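Structure at a glance
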Amino acid sequence: MVRRAPLSIYRPVAAWTLAVLGPCALTAVFHLIGHSVNVGSALLILLCVALGVTTLGGRGPGLLASVTSVLLTMYFVAVPKGFSVHRVEDLVALVVFALVTLVTGFLVEKAAHQAQLALVARKQAKALGRPAATLVGHPNPLAALLEELRSAFDLEATALVERTDHGWRCIDACGATVVTTPDDGTSIDLADDGSVKLIISGNTVEPDQLAVLRAFGDQIAVARQAEQLRAEAARAAVIAEGDELRAALLRAVSHDLRTPLATIKASASGLLQTEVQFSASDQRELLVDIDQSADRLTRMVRDLLDMSRLQAGVMPLRLGPTALEEVVATALASLPTAHDRVEADISESLPLVMLDQGLFERAVANITSNAISWSPPNTVVSLTAHQMGDVVVLRIVDHGPGVPREQHERIFVPFQRLGDRSNEAGAGLGLAIAKGFADAMAIDLRLEETVGGGLTMVMELPIAHEHSPNLSGRHEVSV
């Protein structure tokens, strides 16, 4: 695009210069030619120069060119010479020459004025159109609108301030100079009580620009209200999420903690009774129930603490090169029923993976325990792994009822049990904790449908760097 701003500076100078030098140069040529050029011919040629000057610089330089042309023609071209015209047609030519020049200058100035008005109107329409689009698609419309305003009016700085008990607080601002109070520039009220003001500085706003400025102010006020509504909605969402979590926690406590507590209480009360004599095997069975229920309570409390750490973002993380078959073997060893319900085939030839061994053991144990709990008694859960590019893919496959595709995301939500068919399923935190641990270690954990029915948990483990130390004592996992 050609910029006309620099040209407008030199056009008046060029027009005034041409208004003087152009007629003089042509008259000198006419004078040298002599009688072969009459008044009419000379005026027609000079008219072209006068029209060009008028188009270039407007009515002022055009009038000067017209007067100069007439005087020079009367003195050097007309016969007899010396400011006298004896022929009527020469006089008419001079008068028409002056009128044409004046009318042309008037039309040129009017056209220039209309063009300027059209340019201003186009700029205003463009300036008003951009804020509307900014409100719709920009992630931070308030800051974007302030920048649009500063650019549209060529300002040094713009700011939105709010009155508080301690003075004026800057909500948002843009520009090289920070504007903090209404005294720093021109202010516009955006609230009926004057508590919110738009401040501009660095340029004078013309009266015909006040409507556009007010429109900008209205758009900024709308963006401010929308920002407040979004903040309130975010706070309400946090409160609602907290309420939902507390309600789910209460349900879990009332449902899952009550059962082991009741078992411990009943078994301990039975052992304390003196009226009934228990055999050694009965006493051992009661003690085993107490021990298992206490372990279950311990796991629940540990899961609750882990979930609170994950939500607070304070879970400690110790990443290092790890042999996958070793950490899987340790995870399965922590599950009492894994020896007859799980088949694992993890080759020792797989490369080391980068993970936190303790957190990954818990994640694998939780996922495998969930798969066992939801699988039919006569089926097994299989664990397989293979390398695929820069990751090792671990699959934990069960042949249970599966999960509908529309509920795949819900399965990782705390306290979700999706059917509640198993008494050993726990409080519904196992998969949520596994997902949190996987995310903390940058492990991709996703769900797939098992061929023939069931659910497959897929974990993509990043391979450790080549310079990482190898771990000794690696062995094949076969449970």
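Below or above, wherever it landed, is the structure these notes cover. (Residues numbered from 1 in each chain as written. Predicted model: local features only at pLDDT ≥ 70, side-chain atom pairs only at ≥ 80, totals over all residues. Heavy atoms only, no water.)

**Quick word on the overall build of the chain**
Within the chain, the regular secondary structure consists of 11 helices and 11 strands. Counting across all 479 residues of the chain, residues that qualify as buried make up 36%. Summed over its atoms, the accessible surface of the chain is roughly 27,100 Å², and 59% of this surface lies on carbon and sulfur atoms. (Helix = DSSP H or I, 4+ residues; strand = E, 2+ residues; numbered from the N terminus. Buried < 20%, exposed > 50% of the residue type's maximum accessible area, 1.4 Å probe, protein only. Areas by Shrake-Rupley, 256 points an atom, 1.4 Å probe, with all protein chains shown as cover.)

**As for helix α3 (residues 59-77)**
If you check α3, its first and last C-alpha atoms are 25 Å apart, about what 19 residues at 1.5 Å a residue would give, namely 27 Å. For α3, every residue scored as buried is listed here: Pro61, Gly62, Ala65, Ser66, Thr68, Ser69, Val70, Leu72, Thr73, Met74 and Val77. (Expected span 1.5 Å × (residues − 1).)

**A closer look at unusual backbone geometry**
Residues other than glycine seldom take positive phi values, yet Ala442 does so here, at roughly 60 degrees. Relative to the helices and strands, Ala442 is located in the loop between α11 (430-440) and β10 (444-449).

**With respect to the sheet that holds strand β9 (residues 391-397)**
Spatially, the 5 strands line up as an open sheet ordered β6-β8-β9-β11-β10, and their pairing is mixed. Both outer strands of the open sheet, β6 (342-345) and β10, are each paired with one neighbouring strand and no more. Within this sheet the neighbouring strands show an average axis-to-axis angle of 20 degrees, counted without direction. Strand direction decides the pairing type here: strand β8 (residues 381-388) and β9, joined by 7 bridges, are antiparallel. Following the sheet pairing, Leu383 is matched in β9 by Ile396. This element, helix α8 (residues 324-333), spans β6, β8, β9 and β11 (455-462) of the sheet and lies at about 165 degrees to β8. (Pairing = 2+ DSSP bridges. Axes fitted to C-alpha atoms, helices over the stretch in contact; angles between N-to-C directions. Contact = heavy atoms within 4.5 Å.)

Shape descriptors only; they carry no functional weight alone.
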